[in-house]
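# Working through the structure, step by step
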Amino acid sequence: MLSFVLTFFIFIRSLFNMFKEPEFRSIFTLVIFTLSLGTVTYHSIEGWTWLDSLYFSVITLTTIGFGDLTPATDLGKIFTIIYVFIGLGILLGFVNASGEHFRKQQVERMSQRNPNFLWDSGDTLEEMEKDILENIKDE
């Protein structure tokens, strides 16, 4: 239980750090909007509770699809088709932005821990990353 709590707090701290980047803020806002749109639509069309509607929106966009809830109306099925195609791209963009943030953090940590690791790097993070990749390729 302790490891779960620690992991949760590390995740929350990382999320706040990611909010400093404008790209992440915009994609996060888009994810929240997409989930809200799905929740409101499923609540209205299918008559599900708010929690069931949010649950189905998340399960659908993460492609888990347990199958415990399924749209019963034709309009709900049509919306789901469109929702998956649009929402999946948005969610993948969010995952990509998160991964990019964690990759940048890792490069910064590596360069601080071992200053000689980037012996011929430039001043920018992009140049440091390029040097790391070149050194890895040489090995």
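Note that the coordinates shown come from a computational prediction; the quantities given were computed from them, not determined experimentally.

Definitions and cut-offs
- For every chain, the first residue of its written sequence is number 1, and the numbers climb from 1 along that sequence.
- In keeping with the model being predicted, local features are shown solely for residues with a pLDDT of at least 70 and side-chain atom pairs are shown and tallied solely at 80 or more, while totals for entire chains, interfaces and linings include all residues.
- Where side-chain values are given, they derive from all heavy atoms of the structure, hydrogens and water being excluded.
- Only DSSP runs of H or I reaching four residues or more are called helices, and only runs of E reaching two or more are called strands; each is numbered from the N terminus.
- Burial here depends on accessible area, computed with a 1.4 Å probe over protein chains only, as a share of the maximum for the residue type. Under 20% is buried, over 50% is exposed, and the range in between is partly exposed.
- What makes two residues a contact is simply this: any of their non-hydrogen atoms within 4.5 Å.
- We define a salt bridge as a contact between a side-chain nitrogen of Lys or Arg and a carboxyl oxygen of Asp or Glu at a distance within 4 Å.
- Polar contacts, as used here, are pairs of N or O atoms within 3.5 Å; protein pairs need one atom able to donate a hydrogen and one able to accept it. Residues neighboring in sequence count only if both atoms are side-chain atoms.
- Structural elements are reduced to axes, namely lines fitted to C-alpha atoms, with helices fitted over the stretch in contact, and the angle between N-to-C directions of any two is expressed from 0 to 180 degrees.
- Should an angle fall under 35 degrees it is called roughly parallel, over 145 degrees roughly antiparallel, and 65 to 115 degrees roughly perpendicular, with every other angle called oblique.
- If you view the pair so one helix is near and one far, a crossing is left-handed when the near helix is turned anticlockwise from the far one by less than a right angle, and right-handed when it is turned clockwise.
- Only Asp, Glu, Lys and Arg are considered charged in this grouping, and only Ala, Val, Leu, Ile, Met, Phe, Trp, Tyr, Cys and Pro are considered nonpolar; every other residue, Gly among them, is considered polar.
- Planes of paired rings set the category: under 30 degrees apart is stacked, over 60 is edge-to-face and the rest tilted, where pairs are Phe, Tyr or Trp rings (Trp by its six-membered ring) whose centres lie within 6.5 Å.

Inspection of the secondary structure assignment puts isoleucine 27 in helix H2 (residues 22-46). The class for isoleucine 27 is buried, based on a relative accessible area of 17%. A sequence separation of 63 residues divides isoleucine 27 from isoleucine 90, and the C-alpha atoms of the two residues are 7.3 Å apart. Excluding residues that lie within four positions of it along the chain, isoleucine 27 makes contacts with Ile90, Gly93, Phe94 and Ala97.

Here we come to unusual backbone geometry. Located in the positive-phi region is threonine 63, a residue other than glycine, with phi close to 60°. You can see threonine 63 is positioned in the loop between helix H3 (50-61) and helix H4 (74-113).

Evaluation of the coordinates by the stated rule reveals 1 salt bridge. Linking glutamate 100 and arginine 103 is a salt bridge whose minimum nitrogen-to-oxygen distance equals 2.1 Å. Of this pair, glutamate 100 and arginine 103 both sit in helix H4, separated by 3 residues, roughly a single helical turn.

Attention now goes to the side chain of threonine 41. For threonine 41, the location among the structural elements is in helix H2. By relative accessible area, threonine 41 is classed as buried at 14%. In terms of polar contacts, threonine 41 uses its side chain to reach the backbone carbonyl oxygen of leucine 37, at 2.7 Å.

Bringing the packing of H2 against H3 into the picture now. Put simply, H2 and H3 touch, their axes get as near as 8 Å, and they point 130° apart. On the basis of the axis angle, H2 is oblique to H3. Classified by chirality, the crossing of H3 by H2 is right-handed. On the side of H2, the interface is formed by Thr34, Leu35, Gly38, Thr39, Val40, Tyr42 and His43, while H3 contributes Trp50, Ser53, Leu54, Phe56, Ser57, Val58 and Leu61. Taken together, the residues of the contact of H2 with H3 break down into 8 nonpolar, 6 polar and no charged.

Under the counting rule described, the total for this entry stands at 13 aromatic pairs. Ring centres of phenylalanine 19 and phenylalanine 28 lie 5.0 Å apart, and the angle between their planes is 80°; on these two criteria the pair is classed as edge-to-face. A relative accessible area of 26% means that phenylalanine 19 is categorised as partly exposed. On the basis of an interplanar angle of 90° and a centroid distance of 4.9 Å, the ring pair of tyrosine 42 and phenylalanine 56 is categorised as edge-to-face.

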